[in-house]
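Listed here are the chains, written in short residue letters.
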Amino acid sequence: MRTARFSWVLLPLAAFVVLPPSPVIASPASLDQAPPRPAVATLCLAADTLAVTYVGSWGLGVVRYELPDRTLGYLSTHKIARVVDAEGRDRTRHVLIERRSLGGLSDGLAPRFDRWIVSPFEHSPTRRAPGYAVTEVSALGVLGEGGVTGSGASYSIGFGAAKNLSATWSLGGVVHLNAGDNEYRGADVGVRLRRYFSDHLSVETSQGILHGSTRRGGNWETHGLAYWGEAALTVSDAVSLVVRAESAEWRSRPSAVYRPLDGAWQYGPGSQRTTERPWRIGVRVGPYPSWLSVPALVAASLLFLVPRPTVTY
């Protein structure tokens, strides 16, 4: 199976990287002269508070709110410390965890999709959380001519979790399922260390062991402990530039084809060995679960549902 035809899945998603953040959404002109509405809750931020007439969930990790002057805006949930209603009751769980709303929107205010579209690129949701889940999709190309696993693109989906040790460091683990040209299939597990530089930028390194198999020029499979390591530059937990290195010994098994006409098996060359250390570079979507990474994860998962072709006579 050739998986290069699936590379179009990530192209539309990568286009959103160049979109600039939108400003706070202004009210329609027809409502500019309307009297202020009474506040129903207060959003307590790190260094400020917002009195709002409405607050409710708007996508993954984002809430939508309306001010008394009918200005509509959006906030990342990690920027909100508490939500207190007009009676002084703590409604943080109600809004941020149960994803329910307080108050109501003004008539005539339509949702603005453009603000939500760029929300994954405006902040780093994982930095201020105690821990976070990892859901990511990678598309990597081989530097050079390639080898047993081919020279085409390889794809992977990743799952894991990490804990923030401080405001600048996190430690966790990740598991990848890999696919590529020439029916390449693999899985790896590793440890990931991340260094935050700001709410918008971080670097991380991941290292571990892998196992893979491919039918390029025969039935090849990794033998012993095969190593992999990655370094990534991540923007707002949304998109990363990834460099990956692998070191593995591959062994081929003799192939056998049954010839039904004479009832005999035809065997290919005997077992072979080779050690390969390919370098790969590409783009990763994630690791934070958002509207960007979750659909990409679902689409990329289709690679692992396509059955391998069988030999027909």
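Our subject is the structure that appears above.
A quick note: this is a predicted structure, and the numbers were derived from the prediction, not measured.

(A) Main features of the overall build of the chain. In terms of helices and strands, the chain carries four helices and 18 strands. A buried classification covers 45% of the 313 residues belonging to the chain. Residue pairs in contact within the chain that sit at least 24 positions apart in sequence constitute 63% of those at least 6 positions apart. Total accessible area on the chain is roughly 15,800 Å²; 61% of this is exposed by carbon and sulfur atoms.

(B) Just a nonpolar patch on the surface, in detail. Where nonpolar side chains cluster on the molecular surface, the patch consists of Leu 143, Phe 197, Leu 201, Leu 233, Val 235, Leu 241, Val 243, Trp 279 and Ile 281 and spans about 790 Å² of accessible area. Among the secondary structure elements, Ile 281 is positioned in strand 18 (residues 279-285). Judged by relative accessible area, which is 35%, Ile 281 ranks as partly exposed.

(C) Geometry of the sheet that holds strand 1 (residues 41-45). Read across the sheet, three strands follow the order 2-1-6 without closing on themselves; strand pairing throughout is antiparallel. Looking at which strands have only one partner, the edges of the open sheet turn out to be strand 2 (49-52) and strand 6 (80-85). In this sheet, adjacent strand axes meet at a mean angle of 20 degrees when their direction is disregarded. Inspection of the sheet shows strand 1 paired to strand 6 by five bridges, in the antiparallel sense. Bridged to Ala 41 within strand 6 is Asp 85.

(D) Broad picture of the pairing of strand 8 (residues 131-142). The sheet contact formed by strand 8 and strand 9 (residues 154-164) spans 10 bridges and is antiparallel. The residue of strand 9 that forms the bridge with Ala 133 is Ala 161. In the sheet, strand 8 pairs with strand 18 via six bridges, with the strands oriented antiparallel. Bridged to Gly 141 within strand 18 is Ile 281.

(E) Representation of the pairing of strand 10 (residues 169-180) in the model. Across 11 bridges, strand 9 lies against strand 10 in antiparallel orientation. When the sheet's bridge partners are listed, Gly 160 is paired in strand 10 with Val 174. Counting the residues that bridge the hairpin from strand 9 to strand 10 gives four residues.

(F) How the structure looks around unusual backbone geometry. For the peptide bond that leads from Gly 286 to Pro 287, omega is 15 degrees, which places it in the cis range. By secondary structure assignment, the location of Pro 287 is in the loop between strand 18 and helix 4 (293-301). The backbone of Arg 70 shows a phi angle near 75 degrees, a positive value even though the residue is not glycine. Accessibility expressed as a relative area gives 13% for Arg 70, which makes it buried. Phi is positive for Arg 99, which is not a glycine, with a value near 60 degrees. Locating Arg 99 in the fold gives a position in the loop between helix 2 (92-97) and strand 7 (102-103). Judged by relative accessible area, Arg 99 falls into the partly exposed class, the value being 44%.

(G) Just the sheet that holds strand 7, in detail. Within the open sheet, the four strands sit side by side as 5-4-3-7. Their pairing is antiparallel. For this open sheet the edge positions go to strand 5 (72-76) and strand 7, each flanked by a neighbour on one side alone. Relative to strand 5, strand 4 (residues 62-66) runs antiparallel, the two sharing five bridges. By the bridge assignment for strand 5, Arg 64 is matched with Tyr 74.

(H) Geometry of the pattern of salt bridges. Using the criterion set out here, one finds 19 salt bridges in the structure. The residue Arg 192 makes a salt bridge to Glu 136 at a minimum N-O spacing of 3.0 Å. Linking Arg 192 in strand 11 (residues 184-196) with Glu 136 in strand 8, this pair joins segments that are 56 residues apart in sequence. Judged by its relative accessible area of 1%, Glu 136 is buried. One salt bridge connects Asp 237 with Arg 194, and the closest N-O pair in it is separated by 2.5 Å. Here Asp 237 is found in the loop between strand 13 (219-235) and strand 14 (239-253), whereas its partner Arg 194 is found in strand 11, with 43 residues between them in sequence. The exposure class assigned to Asp 237 is buried, which follows from its relative accessible area of 3%.

(I) Representation of the layout of surface pockets. By volume, the largest pocket amounts to about 290 Å³. Contributing to the lining of the largest pocket are 18 residues, with Leu 60, Gly 61, Thr 77, Leu 96 and Tyr 288 lying nearest its centre. By residue number, the principal contributor to the lining of the largest pocket is strand 8, which donates three residues.

What counts and what doesn't
Residues numbered from 1 in each chain as written. Predicted model: local features only at pLDDT ≥ 70, side-chain atom pairs only at ≥ 80, totals over all residues. Heavy atoms only, no water. Helix = DSSP H or I, 4+ residues; strand = E, 2+ residues; numbered from the N terminus. Buried < 20%, exposed > 50% of the residue type's maximum accessible area, 1.4 Å probe, protein only. Contact = heavy atoms within 4.5 Å. Areas by Shrake-Rupley, 256 points an atom, 1.4 Å probe, with all protein chains shown as cover. Patch = residues over 30% accessible without salt bridge, like charges linked within 9 Å, V, L, I, M, F, W, Y side chains within 5 Å. Salt bridge = Lys/Arg side-chain N within 4 Å of Asp/Glu carboxyl O. Pairing = 2+ DSSP bridges. Axes fitted to C-alpha atoms, helices over the stretch in contact; angles between N-to-C directions. 1 Å grid on protein atoms, 1.4 Å probe; cavity = no way out; pocket = protein on both sides within 12 Å on 5 of 7 lines; lining within 4 Å. Points joined across faces, edges and corners; volume = space filled by probe spheres on them.

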